[in-house]
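# Residue-level structure breakdown
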Amino acid sequence: QVQLVESGGGWVQPGGSLRLSCAASGSIFVISSMGWYRQAPGKERELAAHMTVANTTNYAASVKGRFTISRGNARGTMYLQMNNLKPEDTAVYYCHAETWGRTPTNYWGQGTQVTVSS
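Residues numbered from 1 in each chain as written. Predicted model: local features only at pLDDT ≥ 70, side-chain atom pairs only at ≥ 80, totals over all residues. Heavy atoms only, no water.

### Details of the overall build of the protein
Scanning the protein for helices and strands turns up zero helices and 11 strands. Secondary structure of the protein in N-to-C order comes out as β-β-β-β-β-β-β-β-β-β-β. Taken over the C-alpha trace, the protein has a radius of gyration of 14 Å; the compact-globule value for 118 residues is 13 Å, and the two agree within 12%. Counting only C-alpha atoms and orienting by the principal axes, one finds that the protein spans roughly 45 × 30 × 25 Å. Taking all 118 residues of the protein together, 43% fall into the buried category. (Helix = DSSP H or I, 4+ residues; strand = E, 2+ residues; numbered from the N terminus. Rg over C-alpha atoms; globule rule 2.2 N^0.38 Å. Buried < 20%, exposed > 50% of the residue type's maximum accessible area, 1.4 Å probe, protein only.)

Next comes the structure, spelled out in structure tokens:
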């Protein structure tokens with residue numbers, strides 16, 4: 001089992017920055033990749049950024065150049081630096097982890113609210 005806890009959400013004005021943190025605990029050695037998804041009101045959950053254990057990254061087109069996903073020094077720690085935030089970035093952001101194996105298991109954090117408005 002893997003537990004994921006996010007922190008760092010909040011309110012920010014357009015053009016501002018926030019950094020989200022995710023701390024994984026439990027059987028973190030089974031994690032093959034981690035990422036951040038987001039879900040805006042009335043919309044489906046979508047991928048924002050993703051990183052494999054080999055440090056391969058992938059970003060949604062809407063956040064590329066503004067968001068940066070990175071790994072912390074502590075194993076199982078991940079960050080999402082969000083710059084030049086826009087109102088359309090407003091959403092609940094979820095930390096996600098996927099395990100190795102033929103049938104990977106997906107784990108989710110509880111989510112953290114990010115609100116961008118003036």
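### Considerations on the state of the cysteines
Covalently bonding the sulfur atom of one cysteine to the sulfur atom of another cysteine gives a disulfide. Applying the stated criterion across every chain yields a total of one disulfide. Across a sulfur-sulfur distance of 2.0 Å, C22 and C95 are joined as a disulfide pair. Looking down the S-S bond of the C22 and C95 bridge, the torsion is -80°, so its handedness is left-handed. Residue C22 is located in strand β3 (residues 18–26), and its partner C95 is located in strand β9 (residues 91–99); the two are separated by 73 residues in the primary sequence. The class of C22 is buried, set by a relative accessible area of 1%. (Disulfide = S-S within 2.5 Å.)

### Some remarks on the pairing of strand β11 (residues 112–116)
A regular strand places its side chains on the two faces of the sheet in alternate fashion. Burial along β11 is one-sided: the face carrying T112, V114 and V116 is buried and the face carrying Q113 and T115 is not. Alignment of strand β2 (residues 10–12) against β11, held across three bridges, turns out to be parallel. By the bridge assignment, W11 is partnered in β11 with T115. Summarising the sheet, β9 and β11 pair through three bridges and their orientation is antiparallel. (Pairing = 2+ DSSP bridges.)

### A look at the pairing of strand β8 (residues 77–82)
Counting buried residues in β8 gives five out of six residues, a clear majority hidden from the surface. Relative to β8, β3 runs antiparallel, the two being bridged by six bridges. Directly across from L20, in β8, lies its bridge partner L80. Here strand β7 (residues 67–71) folds back onto β8, and the loop between the two strands holds five residues, one of which, G76, carries a positive phi near 85°.

### Things to note about the confidence of the model for the protein
Within the protein, residue pLDDT values average 95, and 100% of them lie at 70 or more. By mean pLDDT, strand β1 (residues 2–7) is the weakest element of the protein at 94, and β11 is the strongest at 98. (pLDDT = per-residue confidence, 0-100.)

### Concerning the environment of G101
With respect to the helices and strands, the residue G101 is situated in the loop between β9 and β10 (106–108). For the pair G101 and V30, spaced 71 residues apart in the sequence, the C-alpha separation amounts to 8.8 Å.

### Topic: unusual backbone geometry
Although it is not a glycine, N55 sits at a positive phi angle of roughly 70°. In this structure, N55 sits in the loop between β5 (46–52) and β6 (57–59). Located in the positive-phi region is N84, a residue other than glycine, with phi close to 50°. One can find N84 in the loop between β8 and β9. The exposure class assigned to N84 is partly exposed, which follows from its relative accessible area of 43%.

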